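# Summary of structural features
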There are 4 protein chains.
Amino acid sequence: MTISLRRARTIIRKALEKGRELNLKPLSVVVLDAGGHVQAFEREDGAAPGRFAIAHGKAYGAVMLGMSGSAQMARAEQQAYFMAAVNGVYGGQVVPVPGGVLLRDKKGAVLGAVGVTGDTSDNDAAAALAGIEAVGLVGEA
Amino acid sequence: MTISLRRARTIIRKALEKGRELNLKPLSVVVLDAGGHVQAFEREDGAAPGRFAIAHGKAYGAVMLGMSGSAQMARAEQQAYFMAAVNGVYGGQVVPVPGGVLLRDKKGAVLGAVGVTGDTSDNDAAAALAGIEAVGLVGEA
Amino acid sequence: MTISLRRARTIIRKALEKGRELNLKPLSVVVLDAGGHVQAFEREDGAAPGRFAIAHGKAYGAVMLGMSGSAQMARAEQQAYFMAAVNGVYGGQVVPVPGGVLLRDKKGAVLGAVGVTGDTSDNDAAAALAGIEAVGLVGEA
Amino acid sequence: MTISLRRARTIIRKALEKGRELNLKPLSVVVLDAGGHVQAFEREDGAAPGRFAIAHGKAYGAVMLGMSGSAQMARAEQQAYFMAAVNGVYGGQVVPVPGGVLLRDKKGAVLGAVGVTGDTSDNDAAAALAGIEAVGLVGEA
């Protein structure tokens, strides 16, 4: 089971709306499917050019490890060399901070992940959660 | 000058509509800015999971070289080792076939590129051009 | 939707039995899920040490592109530089020959892929198909 | 001397049984041979998609360095830059934590390694040891 393009679009649109509502800096939002593959992405005008890779890295680590960005950050703070090694095996594609949010259905199955970057990590996560709630799924930040 | 998110969204939406109109296989469409950085991407339901990288590779080569996918393909057919070497310097991120379309304004300035994948390379290019025409820009396929 | 470990084990066991029945060289068999991630793998005694990567490359390309090994080989023979470029965007992980078999359910949805290596590409594909038939799924070689 | 597929299968099956007995999270188990090459792998249903790379990284470092995961972790905690450098020379493929268990015969010769991931590192190691004991070999965790 995975995420449809229709739902991915809504998640992104609502996450960006939340960013405007909270007056956050320009955001970039990616939705990955249950295999960690890109379903949809948008970068707001004014965001730095390299934001795709940061948004992707937050969401990719969440899917591949089955751990939210907050859980990854806690592990990185306890055991930095472990998260560094994890990044080695994943080709350096993991960004272990909040803003990487697991996307689950009501039964808890992982459907993918959302990655948001542009403001503080906590604000990025809040925008992701707003998008996820808008499609009736459960976000684990 | 570059491409706005609003225009990138419209390009993607119209390219996907063209695909449905022509009854093409599920498409994936990326829009890159004038620096070759991802602005927006969507993958239709039913497309293979790895389509982001192909769409990106078509558009990335177009921006980085300032050459359309068709021009890159012609060069690859004349001089395969040259396009292989180009790929070496660009980290293997270039897919030199039609479906990578340069995005120009009316004066000819490059604003970015569109990459489409999923059907034949020529149909992919036709979908990209339909999206680009919808925003009043000029596509070089 | 994806493939269970129980089914993956049966596919591998039956593919290896087919290899013994046909008196093939020692085989290595991988089953990837719908996201291209390893579910199960076995390498028979006497197989060369590097066979995991070949089996993986056959199955990985099939999932990521949604194309069987035979279809990838045909494309490589028509347009070698295209498959070389595809390999660039997938980190050199694609082996475009028979023995990479798409795994579909009765409705045609891709559940993953099976990769077999060790004998001729056609015999590798025959072993993969035998394993897939044993679990009531449809293989596209 | 190395590990047979028959023994590798038993190690994996018994490690997974131990995980169920201890009610651990879904586990992924790899067995590498004396050259650090994959002999067999299984990922339980419900495990995150990226678990192959973590299991492999735990076992690969053990074989390549001839050091258990615990010994690697101790070294990483004393001298993080050394394990980071080791990862550089091994292409980032080493995950230096418990759950990477050296596989020795009764005389102490290294036959390969087992890598387990999914629960806590210590529980992962316990599952690996249970699998190794089941085939009458000696595990160094």
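The sections below set out a description of the structure shown in this document. (Residues numbered from 1 in each chain as written. Chains lettered and ligands numbered in written order. Predicted model: local features only at pLDDT ≥ 70, side-chain atom pairs only at ≥ 80, totals over all residues. Heavy atoms only, no water.)

## Concerning the relation of the copies chain D and chain C
Rotating chain D by 180 degrees and moving it 0.0 Å along the rotation axis overlays it on chain C with an RMSD of 0.0 Å. Such a combination of turn and shift is consistent with a two-fold rotation axis. For chain D, the minimum C-alpha distance to the rotation axis belongs to F41 of chain D and amounts to 2.5 Å. When you check the interface residues of chain D against chain C, 100% turn up at the interface there too, and the contact is symmetric in its surfaces. (Least-squares fit on C-alpha atoms with pLDDT ≥ 70 in both. Contact = heavy atoms within 4.5 Å.)

## Brief notes about the interface of chain D and chain C
The partner chain C presents 18 residues to the 18 residues of chain D that form the contact. Around 1,600 Å² of area is buried between chain D and chain C when both sides are counted, 45% of it from carbon and sulfur atoms. Run the count over chain D and chain C and you get four salt bridges. Two residues, E42 of chain C and R9 of chain D, come together in a salt bridge whose shortest N-O distance is 2.7 Å. (Buried area = accessible area lost by both parts, 1.4 Å probe. Salt bridge = Lys/Arg side-chain N within 4 Å of Asp/Glu carboxyl O.)

## As for helix α3 (residues 69-78) of chain B
Listed in full, the buried residues belonging to α3 of chain B are G69, Q72 and A76 of chain B. For α3 of chain B, the buried positions fall inside an angular range of 60 degrees around the axis, keeping them on one side. Every exposed residue of α3 of chain B that faces more than 90 degrees away from the buried side is listed here: E77 and Q78 of chain B. Structurally, α3 of chain B contributes buried residues whose contacts are with α2 (51-65), α4 (80-89) and β3 (100-104) of chain B together with α4 (80-89) of chain C. (Buried < 20%, exposed > 50% of the residue type's maximum accessible area, 1.4 Å probe, protein only. Helix = DSSP H or I, 4+ residues; strand = E, 2+ residues; numbered from the N terminus. Arc of directions from axis to C-beta.)

## Overview of the packing of helix α1 (residues 5-21) of chain C against helix α1 (residues 5-21) of chain D
Contact geometry of α1 of chain C with α1 of chain D gives a least axis separation of 15 Å together with a crossing angle of 170 degrees. With respect to α1 of chain D, the element α1 of chain C is oriented roughly antiparallel. Facing L5, R9, R13 and L16 of chain C of α1 of chain C, the residues of α1 of chain D in contact are L5, R9, R13 and L16 of chain D. For the contact of α1 of chain C with α1 of chain D, the residue count by class is four nonpolar, no polar and four charged. (Axes fitted to C-alpha atoms, helices over the stretch in contact; angles between N-to-C directions. Parallel < 35°, antiparallel > 145°, perpendicular 65-115°, else oblique. Nonpolar A, V, L, I, M, F, W, Y, C, P; charged D, E, K, R; others polar.)

## Description of the interface of chain B and chain A
Residue-level contacts link 18 residues of chain B with 18 residues of chain A. Of the roughly 1,600 Å² buried between chain B and chain A, counting both surfaces, carbon and sulfur atoms make up 45%. Among the residues chain B hides against chain A, the three largest losses belong to R9, V38 and R43 of chain B. Together they make up 30% of the total. The interface formed by chain B and chain A includes four salt bridges. Summed over the shared surface of chain B and chain A, the number is 13 residue pairs in polar contact (both at pLDDT 80 or more). At the level of elements, α1 (5-21) and β2 (38-43) of chain B are the ones that each hand at least two residues to the side of chain B that touches chain A. It is β2 of chain B that contributes the most residues to the side of chain B that touches chain A, six residues altogether. Among the residues forming the side of chain B that touches chain A, the class breakdown is eight nonpolar, three polar and seven charged. (Polar contact = N/O pair within 3.5 Å; in protein donor to acceptor, adjacent residues only side chain to side chain.)

## Let's talk about the pattern of salt bridges
One pass over the structure, following the stated rule, counts 32 salt bridges over all chains. When the shortest N-O distance is used, the salt bridge between K14 of chain B and E17 of chain B registers 3.6 Å. Remark: E17 of chain B and K14 of chain B occur in helix α1; sequence separation between them is three residues, near one turn of the helix. Judged by its relative accessible area of 43%, E17 of chain B falls in the partly exposed class. We note a salt bridge from E44 of chain D to R20 of chain D, for which the minimum N-O separation is 2.7 Å. Note that E44 of chain D is positioned in the loop between β2 (38-43) and α2 (51-65) and R20 of chain D in helix α1, a separation of 24 residues in sequence. When salt bridges with common partners are traced through the structure, they connect R9 of chain A together with R13 and E42 of chain B into a single cluster.

## Quick word on unusual backbone geometry
Both trends apply: most residues other than glycine have a negative phi, and most peptide bonds are in trans. Here N23 of chain A, not a glycine, exhibits a phi torsion of approximately 55 degrees, which is positive. Looking at where N23 of chain A falls in the secondary structure, it is placed in the loop between α1 (5-21) and β1 (28-33).

## As for the sheet that holds strand β4 (residues 110-117) of chain A
Across the sheet, 10 strands lie side by side as β5(A)-β3(A)-β4(A)-β1(A)-β2(A)-β2(B)-β1(B)-β4(B)-β3(B)-β5(B); this open sheet has antiparallel pairing. The strands lining the two open edges of the sheet, one partner per strand, are β5 (138-140) of chain A together with β5 (138-140) of chain B. On average, adjacent strands in this sheet sit at an angle of 20 degrees to one another, irrespective of strand direction. Contacting β1, β2 (38-43), β3 (100-104) and β4 of chain A together with β2 of chain B, helix α2 (residues 51-65) of chain A crosses the sheet at an angle of about 150 degrees to β4 of chain A. (Pairing = 2+ DSSP bridges.)

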